[in-house]
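Chain by chain, the residues:
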Amino acid sequence: MLGLALVGLGLRFLALGMSPRLVPAVIVLGGAWLAYEALGFGTGPDCEVTPHRICRGGGCRKLEGLTAARLDWHRSAVWTPWRPALLLEFGRETWALDLGLEGWYDFWDCLRGLRPDLELPDWRRHPGVLRLLAQRRRYGLRLPPGVVVHEPSVAAIGVTAGLAAMFAELFLLPALGPAAAPWGLLIIGGAAGLAVWLYARLDPPKLDYVPPPKRRPRSPNPERGLM
């Protein structure tokens, strides 16, 4: 919704002939990127792990051929953003399992149970995963069941941006004088953006609760892990 709103706002500014024209063009591009991310086009294919193999999309590999599993950043193409993923290494080949997929946590747990020799830590106590979960909206992560994240109120952010825009229009622009008239929309938008940035720093997202770690099974779990 926010991405589409930004696209519409940028096109509106272009139609009005806002100067410099680079500003509305950047707004349109930013909105298109947000909409692309929200639709989940960059999360990759579904994955499955069983006691004998790992399948990703239409291809499968033997589970015993997996040599390492680690959390890292990955992007599928030059034009896509970097995203957090569980990287599975099969010799010279690497599969990236995006943490934006539904059920990545079940896949992670099953892989730990089936291949304890990989020494893959529990995601519930993995510092990198916990930092990403706290910023899940920023990175597009799927929140595991039981995890509670405190996030800034969308309504409060909207009120803060509105008050900042009103302040800029009623007080800041008149104080700057007629020379600021061509830059009015940009100044109002900048004031609203600065207010939202400050609000996010004063009330940052954080983890309120994470379920306790699961005990590692003594024998491989025959159940499948889907991602």
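Note that the coordinates shown come from a computational prediction; the quantities given were computed from them, not determined experimentally.

A few points about the state of the cysteines
Step number 1: Considering all chains together, one arrives at one disulfide under this definition.
Step number 2: Here Cys55 pairs with Cys60 through a disulfide, and the sulfurs are 2.1 Å apart. The chirality of the disulfide connecting Cys55 with Cys60 is right-handed, given an S-S dihedral of about 100 degrees.
Step number 3: Cys55 supplies the cysteine sulfur nearest to Cys47, a cysteine that is in no disulfide, at a spacing of 9.2 Å.
Step number 4: Here Cys110 stays free of any disulfide, with the sulfur of Cys47 as its closest cysteine sulfur at 13 Å.
Step number 5: For Cys110, a relative accessible area of 12% puts it in the buried group.

With respect to the sheet that holds strand E4 (residues 68–74)
The strands making up a sheet associate through hydrogen bonds between their backbones, and the pairing can be parallel or antiparallel.
Step number 1: Spatially, three strands are ordered E4-E5-E6 in an open sheet, and the strand pairing comes out antiparallel. Lying at the two open borders of the sheet, with one neighbouring strand each, are E4 and strand E6 (93–98). Strand-to-strand twist of the sheet, defined as the mean angle between neighbouring strand axes without regard to direction, takes the value 35 degrees.
Step number 2: Two strands pair when backbone bridges link them, and E4 and strand E5 (residues 83–90) are joined in this way by seven bridges, in the antiparallel orientation. Looking at E5, one finds that Asp72 is bridged to Ala85.

Brief notes about the nonpolar core
Step number 1: Counting residues in hydrophobic clusters, the biggest one holds 28 residues, and the most contacted among them are Ile54, Leu86, Leu88, Phe107 and Leu111.
Step number 2: Put simply, the parts of the chain that give this core at least two residues each are strand E1 (47–49), E5, E6, helix H3 (104–114) and helix H4 (127–134).
Step number 3: Sort the elements by how many residues they give to this core and H3 lands first, with seven residues.
Step number 4: Those residues within four positions of Leu88 in sequence are excluded, and the remaining contacts are Ile54, Leu66, Ala68, Ala69, Glu93, Thr94, Trp95, Leu97, Phe107 and Leu111.
Step number 5: Within the second largest apolar cluster, six residues are counted, among which are Ala165, Ala168, Ala180 and Ile188.

Comments concerning helix H6 (residues 154–176)
Step number 1: Over its 23 residues, H6 extends 31 Å from the first C-alpha to the last, a length consistent with the 33 Å expected when each residue adds 1.5 Å.
Step number 2: In the structure, H6 departs most strongly from a straight axis at Ala168, where the bend amounts to approximately 40 degrees.
Step number 3: Taken together, the buried positions of H6 are Ala161, Ala164, Ala165, Ala168 and Leu173.
Step number 4: At its buried positions, H6 is contacted by helix H7 (184–202).
Step number 5: Two to three positions downstream of the cap, the backbone nitrogen of Ala155 sits 3.4 Å from a side-chain oxygen, assigning the N-cap of H6 to Ser153.
Step number 6: Where H6 terminates, the next one or two residues include Gly177, which has phi positive at roughly 90 degrees.

Describing the packing of aromatic side chains
In this description, a pair of aromatic rings is defined by centroid distance and the angle of the planes.
Step number 1: As enumerated under the stated definition, the model contains six aromatic pairs in all.
Step number 2: Seen in terms of ring centroids, Trp104 and Tyr105 are 5.6 Å apart; in terms of plane orientation they differ by 70 degrees. Their pairing is edge-to-face. Each member of the pair, Trp104 together with Tyr105, is buried.
Step number 3: Relative to Phe171, the ring of Phe167 has its centre 5.5 Å away and its plane inclined at 35 degrees; by these criteria the two rings are tilted. Of this pair, Phe167 and Phe171 both sit in helix H6, four residues apart, which is roughly one turn of the helix. The pair formed by Phe167 and Phe171 is uniform in burial state, with each residue classed as exposed.
Step number 4: Among the aromatic residues, those joined into a cluster by ring pairs are Trp104, Tyr105, Trp108 and Trp123.

Scoring rules and cut-offs
- Residues numbered from 1 in each chain as written.
- Predicted model: local features only at pLDDT ≥ 70, side-chain atom pairs only at ≥ 80, totals over all residues.
- Heavy atoms only, no water.
- Disulfide = S-S within 2.5 Å.
- Buried < 20%, exposed > 50% of the residue type's maximum accessible area, 1.4 Å probe, protein only.
- Pairing = 2+ DSSP bridges.
- Helix = DSSP H or I, 4+ residues; strand = E, 2+ residues; numbered from the N terminus.
- Axes fitted to C-alpha atoms, helices over the stretch in contact; angles between N-to-C directions.
- Core = buried A, V, L, I, M, F, W, Y, C linked by side-chain atoms within 4.5 Å.
- Contact = heavy atoms within 4.5 Å.
- Expected span 1.5 Å × (residues − 1).
- Bend = angle between axes of the 7 residues up to and from the residue.
- Polar contact = N/O pair within 3.5 Å; in protein donor to acceptor, adjacent residues only side chain to side chain.
- Phe/Tyr/Trp six-rings, centres within 6.5 Å; stacked < 30°, edge-to-face > 60°.

Coordinates in, geometry out; function isn't part of it.
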